[in-house]
Amino acid sequence: MIVLAARLAFENLFAPETRSVFWKVLGLTLLALAIVWFALRGAFNSFVLPWLQSFMPATADWTGWLTLFLAIFAGIALALAMALLISPVTALIAGLFLDDVADVVEKRDYPSDAPGTAMPIAAAMKSSLRFLGVVIVGNIVALFLLFIPGVNLIAFFLVNGYLLGREFFEFAAMRFRSPDEAREFRVKYALTVFLAGLVIAAFLAIPLLNLLTPLFAAGMMVHLHKLISRRESGLQAQAS
């Protein structure tokens, strides 16, 4: 089921029905990252750089070398800051369009099923912010574990796999269930959801493509929820 859900979700990313959401998310993400870049650079030039320059000795020879060093340091620091911000910024923006992705998946691949119920805008904002928090917390934990040899890569996948799997599966389930029922359904199939989360974490680790992680994850979990629900319904029918 996981492999099938992942394959269908990847195909949906580039389906004609998804292109409008694809371009909206990508365009808004790039715009937001550009704004963040200029804001970070402006803040660095206005506050951090003058403070660092205050420690520079008055000797002209050393001043030239330190200026070059500061310029290199600034470039590296800003690049690292942007690298860390790509996932949270993408998560925040894409979180607002998850129901659009779910609608496309349900209409395209499950036309005979009753459509899910989209979250109200306030709930969508809350979900987007919650997913943003999940990404930040997960990556902070993984960042600290980067300094432990042999654990860093494993930690990245385990932490993100669990958090991403939980959040996106409950999102897909809540289109058809109450929040409590969605949580119980996720707990019941915790191992399957976790393994699916590992696939999403692997997608998150691919540069550039990871900008589309929320869209891929939403589509994948909609498929997975549908597949699990159908299998459970079939088992219940056989039992009765």
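Before any of the text, the structure's been laid out above.
Residues numbered from 1 in each chain as written. Predicted model: local features only at pLDDT ≥ 70, side-chain atom pairs only at ≥ 80, totals over all residues. Heavy atoms only, no water.

**Student:** Teacher, can you tell me more about the overall build of the chain here?
**Tutor:** When helices and strands are tallied, the chain shows nine helices and zero strands. Of all 240 residues assigned to the chain, the portion counted as buried reaches 42%. Residue pairs in contact within the chain that sit at least 24 positions apart in sequence constitute 79% of those at least 6 positions apart. Taken as a whole, the chain presents about 13,000 Å² of accessible surface, with 73% of it coming from carbon and sulfur. (Helix = DSSP H or I, 4+ residues; strand = E, 2+ residues; numbered from the N terminus. Buried < 20%, exposed > 50% of the residue type's maximum accessible area, 1.4 Å probe, protein only. Contact = heavy atoms within 4.5 Å. Areas by Shrake-Rupley, 256 points an atom, 1.4 Å probe, with all protein chains shown as cover.)

**Student:** Explain the pattern of salt bridges here, please?
**Tutor:** Think of it this way: side chains of opposite charge can pair up when their charged atoms draw near. Taken as a whole and judged by the stated rule, the model has 11 salt bridges. Glu170 is paired through a salt bridge with Arg186; the nearest N and O atoms lie 2.9 Å apart. Placement of Glu170 in helix H6 (residues 152–173) and of Arg186 in helix H7 (residues 179–188) is noted, with a sequence separation of 16 residues between them. Salt bridges here are not isolated pairs; linked through shared partners, they connect Asp99, Asp103, Glu106 and Arg175. (Salt bridge = Lys/Arg side-chain N within 4 Å of Asp/Glu carboxyl O.)

**Student:** Explanation requested: the nonpolar core in the structure shown.
**Tutor:** Grouped burial of nonpolar side chains is what soluble globular proteins tend to show. In terms of nonpolar packing, the biggest core is built from 45 residues, with Leu215, Phe216, Met220, Met221 and Leu224 touching the most fellow members. Where this core is concerned, the elements lending two or more residues are helix H1 (2–13), helix H2 (19–53), helix H3 (60–94), helix H4 (98–109), H6, helix H8 (190–204) and helix H9 (213–239). Here Met221 is in contact with Gly165, Phe168, Phe169, Ala172, Val193, Ala196, Gly197 and Ile200, once residues within four sequence places are set aside. (Core = buried A, V, L, I, M, F, W, Y, C linked by side-chain atoms within 4.5 Å.)

**Student:** Can you walk me through a nonpolar patch on the surface in this structure?
**Tutor:** Residues Leu28, Leu31 and Ile35 make up a contiguous nonpolar surface patch of about 290 Å² in total accessible area. Mapped onto the secondary structure, Ile35 falls in helix H2. Residue classification places Ile35 among the exposed positions, given a relative accessible area of 53%. (Patch = residues over 30% accessible without salt bridge, like charges linked within 9 Å, V, L, I, M, F, W, Y side chains within 5 Å.)

**Student:** Can you help me understand the packing of aromatic side chains in this one?
**Tutor:** Taken as a whole and assessed by the stated rule, the structure comprises six aromatic pairs. Residues Phe10 and Phe14 carry aromatic rings whose centres are separated by 5.4 Å and whose planes lie at 70° to one another, so their mutual orientation is edge-to-face. You can call Phe10 partly exposed: its relative accessible area is 37%. Note on Phe14: relative accessible area 41%, which makes it partly exposed. With a centroid separation of 5.1 Å and an interplanar angle of 85°, the aromatic rings of Phe22 and Trp23 are classed as edge-to-face. Judged by its relative accessible area of 56%, Trp23 is exposed. Stacked on the ring of Phe185, the Lys or Arg Arg177 has its end atom at 3.7 Å from the ring centre. (Phe/Tyr/Trp six-rings, centres within 6.5 Å; stacked < 30°, edge-to-face > 60°. Lys NZ or Arg CZ within 6 Å of the ring centre and 35° of its normal.)

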